[in-house]
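Each chain is listed here by its residues.
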Amino acid sequence: DCSGLADDVRVCDGAYGVVQEAIDAAPDGFTVAVCPGHYTENLRLESRSLRLLALEGPEVTILDGGGAGTVILAMGCPDLTIEGFTVEGGVGVNGGGVSAGSSVINLVNLVLQRNMASGQGGGAYLSRCTGELRDSVITENSAVEGGGVAVSGDTFDVLDSEITANTASPGELTWNGALGGGG
């Protein structure tokens, strides 16, 4: 149900059908409330303060990069929360699922799965970010370094999360077979 949030922009019946359009329309400080569905998008958030919320959780709300780039790219965001999504199908240099730089970002109740990076952080790459990754599952991601999560340049907390079955593979990047640790 997309009702009940005081300051929200909705991706639901009769509202926005595309998550990026809702993000672009949302004033800072608002919540972008996303109803269940499979959204094939590559989201870009630059200098934004908002909450991106899947109303019914990661089991039924999927952000899929479609192999066309990083699923969620966040740069210079002073206050960003992403909560309740499955993030999959992302491909990037650093961060296939989530790539964030110079941001205050909280990643909550996410499933980051089947993403790939040719550099660092198949599931998530966090450079010069503060915040936390909490109550999440990071699995089946691949990168040359940090198959699951890579953090660079600041302190980022990982709390109550499961990071398993990721692959870090110096040299050629593959989906199958563990050529190195993945975390």
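These lines cover the structure that appears in this document, whether it is placed above or below. (Residues numbered from 1 in each chain as written. Predicted model: local features only at pLDDT ≥ 70, side-chain atom pairs only at ≥ 80, totals over all residues. Heavy atoms only, no water.)

## Observations concerning the overall build of the protein
Looking only at helices and strands, the protein has 1 helix and 22 strands in total. Scored against the burial criterion, the 183 residues of the protein give a buried share of 52%. Long-range contacts, defined here as pairs at least 24 residues apart, represent 69% of the contacts in the protein between residues at least 6 apart. (Helix = DSSP H or I, 4+ residues; strand = E, 2+ residues; numbered from the N terminus. Buried < 20%, exposed > 50% of the residue type's maximum accessible area, 1.4 Å probe, protein only. Contact = heavy atoms within 4.5 Å.)

## A short note on the side chain of Asn-166
Mapping Asn-166 onto the fold places it in the loop between strand S21 (162-164) and strand S22 (167-168). At 3.3 Å, the side chain of Asn-166 and the backbone nitrogen of Glu-140 are in polar contact. Within the structure, the side chain of Asn-166 is placed 2.9 Å from the backbone nitrogen of Asn-141, a separation counted as a polar contact. (Polar contact = N/O pair within 3.5 Å; in protein donor to acceptor, adjacent residues only side chain to side chain.)

## Some remarks on the nonpolar core
Residues Val-19, Val-32, Leu-52, Ile-72, Ile-82, Phe-85 and Ile-105 are the most contacted members of the largest nonpolar core, which totals 35 residues. If we skip the residues at most four places from it in the chain, Val-19 touches Val-11, Val-34, Tyr-39, Glu-41, Leu-43, Leu-52 and Leu-63. (Core = buried A, V, L, I, M, F, W, Y, C linked by side-chain atoms within 4.5 Å.)

## Quick notes on unusual backbone geometry
One non-glycine residue, Asn-109, lies in the positive phi region at around 50°. On the secondary structure map, Asn-109 appears in the loop between strand S12 (104-108) and strand S13 (111-113). With relative accessibility at 33%, the residue Asn-109 sits in the partly exposed group. The backbone of Asp-135 sits at a positive phi, close to 55°, despite the residue not being glycine. Mapping Asp-135 onto the fold places it in the loop between strand S16 (130-134) and strand S17 (137-139). Look at Asp-135 and you get partly exposed, because its relative accessible area is 36%.

## Remarks on the sheet that holds strand S8 (residues 79-83)
Strand order across the open sheet formed by 7 strands is S1-S2-S5-S8-S12-S16-S20, with parallel pairing between neighbours. Both outer strands of the open sheet, strand S1 (8-11) and strand S20 (156-159), are each paired with one neighbouring strand and no more. Averaged over all adjacent pairs, the angle separating strand axes in this sheet is 10°, with direction ignored. In this sheet, strand S5 (residues 49-54) lies alongside strand S2 (residues 31-34) in parallel orientation, the contact comprising 4 bridges. Across the sheet, Val-32 pairs through a bridge with Leu-52, a residue of S5. (Pairing = 2+ DSSP bridges. Axes fitted to C-alpha atoms, helices over the stretch in contact; angles between N-to-C directions.)

## Topic: the pairing of S8
Taken together, the 5 bridges between S5 and S8 define a ladder with parallel strand orientation. Paired with Leu-53 across the bridge in S8 is Glu-83. Note that S8 and S12 share 4 bridges and pair parallel. Bridge pairing links Glu-83 to Val-108 in S12.

## Some points on the state of the cysteines
By the definition in use, this model includes 0 disulfides. In this structure Cys-77 is a free cysteine whose sulfur lies 8.7 Å from that of Cys-129, the closest cysteine sulfur available. You can call Cys-77 buried: its relative accessible area is 1%. (Disulfide = S-S within 2.5 Å.)

## Quick notes on the pattern of salt bridges
For the coordinates displayed, the defined rule picks out 6 salt bridges. Taking the shortest distance from any N to any O, the salt bridge between Arg-48 and Asp-28 comes out at 3.0 Å. In this pair, Arg-48 sits in the loop between strand S4 (43-46) and S5 while Asp-28 sits in the loop between helix H1 (19-25) and S2, placing the two residues 20 residues apart along the sequence. Residue Asp-28 is classed as partly exposed on the basis of its relative accessible area, which comes to 46%. Close ionic contact of Glu-88 with Arg-114 constitutes a salt bridge, the shortest N to O distance being 3.3 Å. Remark: Arg-114 occurs in the loop between S13 and strand S14 (116-120) and Glu-88 occurs in strand S9 (residues 86-88); sequence separation between them is 26 residues. Overall, Glu-88 belongs to the buried group, its relative accessible area being 11%. Via salt bridges that share partners, Glu-88, Arg-114 and Glu-140 belong to a single interconnected network. (Salt bridge = Lys/Arg side-chain N within 4 Å of Asp/Glu carboxyl O.)

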